[in-house]
Amino acid sequence: MEFDSNSIQTSNTYIMKKLIFCLLGWLVLSPQSTDAFCGFYVARADAKLVNHQSEVILVRDGQRTVITMSSDFQGDVKDFAMVVPVPVVLKEKDIRIANQLLFDRLEAYSGPRIVEYYDQNPCYADRHYSALPSMSMSRAETLDMVIMENAEELGVTIEASYTIGEYDILILSAKESTGLKTWLVQNGYQIPKQAEEVLDPYIRNNLKFFVVKVNLEEMEALGFQNLRPIQMEFESDRFMLPLRLGMANAEHAQDMVVYAFTRSGRIEATNYRTVKVPTNRDIPLFVQQDFGRFYKDVFDRSYEREQRKAVFLEYAWDVSPRANMKCDPCVTDPPVLADFKEAGADWVSGYGPDSDVFFTRLRVRYTRDKFPQDLLFQVTPNRENFQARYVTRHPAKGDLSCAEGGRYINDLTRRRQKEVDELASLAGWRSADYNNYIYEFMPQEWIPNFRERRNEVLPLWLKERFPNAPHWLLAIAAIVGLLAMGVIAKRFLKPTA
Amino acid sequence: MIRTFLRLFNDPRVLQLSILGSLLVYGLVALNWSAELWRWTAFAIPALLTQWMGNQLTGARGYKSAWITIFGLCLLLYASSWWVAALCAILSIGVKFVIRADGKHFFNPSNFGIVVVILLTGEAWISPGQWGSGAFWIFAIGGGAMLTTIKVKRLSTAIAFIATLFFLESIRTVFYLGWGFDVLVHQFASGALLLFTFFMITDPVTTPRHHVARIVWAAGVAVLAFALTHWVYLYTAPIYALIILSPLTPLINRWFPAEKFLWNSTQIQFKPQTLIS
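Residues numbered from 1 in each chain as written. Chains lettered and ligands numbered in written order. Predicted model: local features only at pLDDT ≥ 70, side-chain atom pairs only at ≥ 80, totals over all residues. Heavy atoms only, no water.

## Topic: the overall build of chain B
The secondary structure content of chain B amounts to 14 helices and 4 strands. Burial statistics for chain B: of 277 residues in total, 60% are counted as buried. For chain B, the proportion of contacts with a sequence separation of at least 24, taken over those separated by at least 6, is 76%. With an accessible surface of roughly 11,700 Å², chain B has 72% of that area assigned to carbon and sulfur atoms. (Helix = DSSP H or I, 4+ residues; strand = E, 2+ residues; numbered from the N terminus. Buried < 20%, exposed > 50% of the residue type's maximum accessible area, 1.4 Å probe, protein only. Contact = heavy atoms within 4.5 Å. Areas by Shrake-Rupley, 256 points an atom, 1.4 Å probe, with all protein chains shown as cover.)

The structure is reproduced here in structure tokens:
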């Protein structure tokens, strides 16, 4: 259990400022819904939608890339082995050990969040606040590996070898895949069968292999229980993440969360669609109790809706030290200078415009069949803020027996009906019990008059089975219409003479 | 009345406009693009004003080409602020009146505007991934409809470009690097590439007139795009390749003379008098 301490200290002036800001947001009519970013209390969904997920921090500044990898390896560290294709032979100073806490902080800060609003009692003014527990989970990860021999006979060149922290690191280049595969297998690296086929392309593409195992003695001497993230830095024109080597098989989906820092703006995939997760939706109050599961279902549905082949944007924000509003509401404290430095965004050193930095968080759930190509990224000048944010509203407290109160109850019931519909379309949660929530405040005798039937253009079963059906029908109709127009134009407008 | 309406389609630019428009609708409804009205307005108004000024100064007529440019920009270019979009629109339309050879512009308008604004301001970008790989059939149908209507051997430009690129990519990706065919298919299902193939490089005014010369030229664009993709790591290489090779068009036209292309020429149009009868 943890509380958002800032929110508890909320003073009246703060609330006033916030309300004024909200009003301004309405008036200015900015491109994105600024007005929506006003709320007081938050909870967040944990990044771990699945048991196995990798997390990567990417920093891109010109040609320079810093990659920090946190694997969720679970098990005996001596079994850990990792092979990462890299574009250049890394020097010892370009490889560092990072702190796992950095991942935890970034994850907590940028995660999907729930926000609460409190309705005013229409019969008398009263504000009531309470803090909401946020969900968190522990993480555990570890790594491991083995020994190497007769590399040269196999056409494998050990370009460099370092011991850094608890890791023994080798950088290999290879002439052909069979030798490399043999070498890796001899040295205890298990290459997934599906991954073997990509060794050749990587070798031909002049990539080197960054090979990591755990040095058990060093680890004991250092006294760490878990394996810490590895960070590497290099200059390259290519801004990409090699996915294929780690892919197990077509059906088995793997999750990866990417936290990226750039000077100019968002990063996005260039060879897959980058799609925003649903955000700023009003959801029922009771979802607060189960927000982690809710977001997992929201993500699963979005993933299916995009035919499993999109990259999802979960967070994008200007986190420059000089920028005032880092988030609204903040789940945890925004990253500080030390965090940027640790992540490798070393240009962030003060409060001037030179230290501007933009934070993007992407989630990729990839399978072999839908992600045939490695992920290529580009840095864009897009500084539009985005957060996965879900809104809950507490009903007014106290006596609602005045005339205004009656109207309020009607509005509240209608609003809750919409929230329940939203819940069904977002997360697929449906239950007859939700009626109790909808009609919670409505006297029994009002209910029959209140229930209204809505008109649906498409039958509900179709919409439920294919949420995108209306879109597709529209698109198909447009194309058919165009074709028909073309055909008619040709038929009837031919010169008759 | 229907005939009056259909007669609009005598000019292939009208069909092109409606296809570009429906691609935009497709993006909005099926791909959930956000409707950035401010950006579209920032493209449309300056573009139309520039076209109007150009028309006044040179005696040219019509706004259809300007609208095609506007739709192309809406589909391709993102900008971080409205002035960048406006600048791009002005450059795109302006270049038609300013940079000319032999009485004809040779830079593809939206191509020129996009490249100059990206390089000059750094505040604009193309999202090559925004179409995903599912848009393939939409493009194939739209592009096919477009090209069959234009006829006039323009299909050859698109085919020469895409076939050359496909040939080079398949040699590199499949036969040299050893990736599976799915990687190749994924590369070519890119909506941005298909948009370029069907709607940018096929522009009859800014491509060489001579049939064979045009095919060779389109293949040249493909070769350059291939080189830029793999040696400079430009993800939107075709657009850069086109702007680099565009100045060759007037030269090629001089070396290989052929009939000048007119949008309303009898090559593509049904005779109005037969319609009225």
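There is more to say after this.
## Looking at the confidence of the model for chain A
Chain-level pLDDT for chain A is 77 on average; 77% of the residues reach the 70-or-more range. Low confidence marks residues 1-43 of chain A, where pLDDT is under 50. Its contacts with residues over four positions away, or in another chain, come to 78 contacts. (pLDDT = per-residue confidence, 0-100.)

## Digging into the sheet that holds strand S11 (residues 240-241) of chain A
All names here are of chain A. With respect to topology, 3 strands assemble into an open sheet ordered S11-S18-S13, the strand pairing being antiparallel. With one partner strand each, in any of the chains shown, S11 and strand S13 (267-269) form the two edges of the open sheet. In the sheet, S11 pairs with strand S18 (residues 375-379) via 2 bridges, with the strands oriented antiparallel. Note on S18: the bridge partner recorded for Leu 241 is Leu 375. (Pairing = 2+ DSSP bridges.)

## Quick notes on unusual backbone geometry
For Gln 307 of chain A, which is not a glycine, the phi torsion comes out positive at approximately 55°. Take Gln 307 of chain A: it is sitting in the loop between helix H8 (291-305) and strand S16 (310-318). Its relative accessible area of 36% is what places Gln 307 of chain A among the partly exposed residues. The phi angle at Tyr 233 of chain B is positive, at roughly 55°, despite the residue not being glycine. Relative to the helices and strands, Tyr 233 of chain B is located in the loop between helix H11 (211-231) and helix H12 (237-245).

## Comments concerning a nonpolar patch on the surface
Taken together, the side chains of Trp 52, Met 53, Tyr 63 and Trp 67 of chain B present a nonpolar region at the surface, about 410 Å² in accessible area. By the secondary structure assignment, Met 53 of chain B is in helix H3 (residues 37-58). (Patch = residues over 30% accessible without salt bridge, like charges linked within 9 Å, V, L, I, M, F, W, Y side chains within 5 Å. Salt bridge = Lys/Arg side-chain N within 4 Å of Asp/Glu carboxyl O.)

## Overview of the pattern of salt bridges
All names here are of chain A. In total, this model carries 31 salt bridges over all chains according to the counting rule given. Between Glu 166 and Arg 228 there is a salt bridge, and its shortest N-O distance comes to 2.6 Å. You can see Glu 166 sitting in the loop between strand S7 (156-164) and strand S8 (167-174) and its partner Arg 228 sitting in the loop between helix H7 (216-222) and strand S10 (230-235), a full 62 residues away along the chain. Arg 228 shares its class with Glu 166; the two are buried. Put simply, Glu 404 and Arg 407 hold a salt bridge, and the shortest N to O gap is 3.5 Å. Highlighted residues: Glu 404 and Arg 407, both in helix H10 (residues 403-427), separated by 3 residues, approximately one helical turn.

## Section: the packing of H3 of chain B against helix H5 (residues 82-98) of chain B
Residues and elements named next belong to chain B. In the contact formed by H3 and H5, the axes pass within 8 Å of each other and the chain directions differ by 25°. By the angle between their directions, the pair H3 and H5 is classed as roughly parallel. Viewed along their axes, H3 and H5 form a crossing whose handedness is right-handed. Along its contact with H3, which presents Trp 38, Arg 39, Ala 42, Phe 43, Pro 46, Ala 47, Thr 50, Gln 51, Gly 54, Asn 55 and Thr 58, the element H5 presents Trp 82, Ala 85, Ala 86, Cys 88, Ala 89, Ile 90, Ile 93, Gly 94, Lys 96 and Phe 97. A class-by-class count of the residues in the contact of H3 with H5 yields 13 nonpolar, 6 polar and 2 charged. (Axes fitted to C-alpha atoms, helices over the stretch in contact; angles between N-to-C directions. Parallel < 35°, antiparallel > 145°, perpendicular 65-115°, else oblique. Left-handed = near helix turned anticlockwise from the far one by under 90°. Nonpolar A, V, L, I, M, F, W, Y, C, P; charged D, E, K, R; others polar.)

## Topic: the environment of Tyr 303 of chain A
All names here are of chain A. Within the secondary structure, Tyr 303 is located in helix H8. Among the residues examined, Tyr 303 registers a relative accessible area of 5% and is labelled buried. In the structure, Tyr 303 is positioned 28 residues away from Val 275 in sequence and 9.8 Å away in space, judged by C-alpha atoms. If we ignore the near neighbours within four places in the chain, the residues touching Tyr 303 are Ala 253, Arg 308, Phe 312, Arg 365 and Thr 367.

## Side note on the sheet that holds S7 of chain A
Residues and elements named next belong to chain A. With antiparallel pairing, 4 strands are arranged side by side in an open sheet as S4-S9-S8-S7. Unpaired on one side and paired on the other, strand S4 (81-86) and S7 mark the two borders of the sheet. Averaged over all pairs of adjacent strands, the angle between strand axes in this sheet comes to 20°, irrespective of strand direction. Strand direction decides the pairing type here: S7 and S8, joined by 8 bridges, are antiparallel. Directly across from Thr 157, in S8, lies its bridge partner Ser 173.

## What about the interface of chain A and chain B?
The partner chain B presents 49 residues to the 49 residues of chain A that form the contact. Buried area between chain A and chain B, both sides added, is near 4,200 Å², and the carbon and sulfur share of it is 64%. One can count 2 salt bridges joining chain A with chain B. A salt bridge links Arg 368 of chain A to Asp 182 of chain B, with the shortest nitrogen-to-oxygen separation between them at 2.8 Å. Summed over the shared surface of chain A and chain B, the result is 12 residue pairs in polar contact (both at pLDDT 80 or more). Contributions of two or more residues to the side of chain A that touches chain B are made by helix H6 (199-204), S13, strand S14 (273-276), S18 and helix H14 (469-492) of chain A. (Buried area = accessible area lost by both parts, 1.4 Å probe. Polar contact = N/O pair within 3.5 Å; in protein donor to acceptor, adjacent residues only side chain to side chain.)

## Brief notes about the packing of aromatic side chains
Counted under the stated rule, the structure contains 29 aromatic pairs over all chains. Note on Trp 472 of chain A and Tyr 26 of chain B: the rings are 6.2 Å apart at their centroids and 70° apart in plane angle, and the pair reads as edge-to-face. Here Trp 472 of chain A, found in helix H14, pairs with Tyr 26 of chain B, found in helix H2 (residues 12-29), and the two come from separate chains. Judged by its relative accessible area of 3%, Tyr 26 of chain B is buried. Over the face of the ring belonging to Tyr 117 of chain A we find Arg 393 of chain A, whose NZ or CZ atom lies 4.9 Å from the ring centre. Above the plane of the ring of Tyr 437 of chain A lies Arg 416 of chain A, whose end atom (NZ or CZ) is 3.9 Å from the centre. (Phe/Tyr/Trp six-rings, centres within 6.5 Å; stacked < 30°, edge-to-face > 60°. Lys NZ or Arg CZ within 6 Å of the ring centre and 35° of its normal.)

## Remarks on the pairing of strand S9 (residues 208-214) of chain A
Residues and elements named next belong to chain A. Of all 7 residues making up S9, 7 are buried, and the element is well covered by its neighbours. Side chains Lys 208, Phe 210, Val 212 and Val 214 project from S9 onto one buried face, and the interleaved Phe 209, Val 211 and Lys 213 project onto a second face that is buried too. Summarising the sheet, S4 and S9 pair through 6 bridges and their orientation is antiparallel. Opposite Pro 85, over in S9, you have Phe 209 as the bridge partner. As judged from the 6 bridges shared by S8 and S9, these two strands associate in the antiparallel manner.

## Digging into the state of the cysteines
A covalent bond bridging the sulfur atoms of two cysteines is what the word disulfide describes. All names here are of chain A. A complete count under the given rule lists 1 disulfide over all chains for this structure. Two residues share a disulfide in this structure: Cys 123 and Cys 402, whose sulfurs sit 2.1 Å from each other. Torsion about the S-S bond of the Cys 123 and Cys 402 cystine: about -90°, corresponding to left-handed handedness. Linking Cys 123 in the loop between strand S6 (113-118) and S7 with Cys 402 in the loop between strand S20 (389-394) and H10, this pair joins segments that are 279 residues apart in sequence. (Disulfide = S-S within 2.5 Å.)

## Observations regarding the confidence of the model for chain B
Fine structural detail should not be taken from predicted coordinates in areas where pLDDT scores are low. In this model, chain B carries a mean pLDDT of 83, and residues with pLDDT of at least 70 account for 84%. With pLDDT under 50 throughout, residues 266-277 of chain B is counted as low confidence; its partners more than four residues away or in other chains account for 22 contacts.

## Some points on the side chain of Thr 380 of chain A
Checked against the element boundaries, Thr 380 of chain A lands in the loop between S18 and strand S19 (386-387). Polar side-chain contacts of Thr 380 of chain A include one of 3.2 Å to the backbone nitrogen of Asn 382 of chain A. With residues near it in sequence (within four places) discarded, Thr 380 of chain A still touches Ser 264, Gly 265, Arg 266 and Glu 268 of chain A together with Trp 125 of chain B.

## Remarks on helix H10 (residues 191-200) of chain B
Of all 10 residues that make up H10 of chain B, 10 are buried, and the element is covered over most of its length. Looking only at H10 of chain B, the buried set comprises Gly 191, Ala 192, Leu 193, Leu 194, Leu 195, Phe 196, Thr 197, Phe 198, Phe 199 and Met 200 of chain B.

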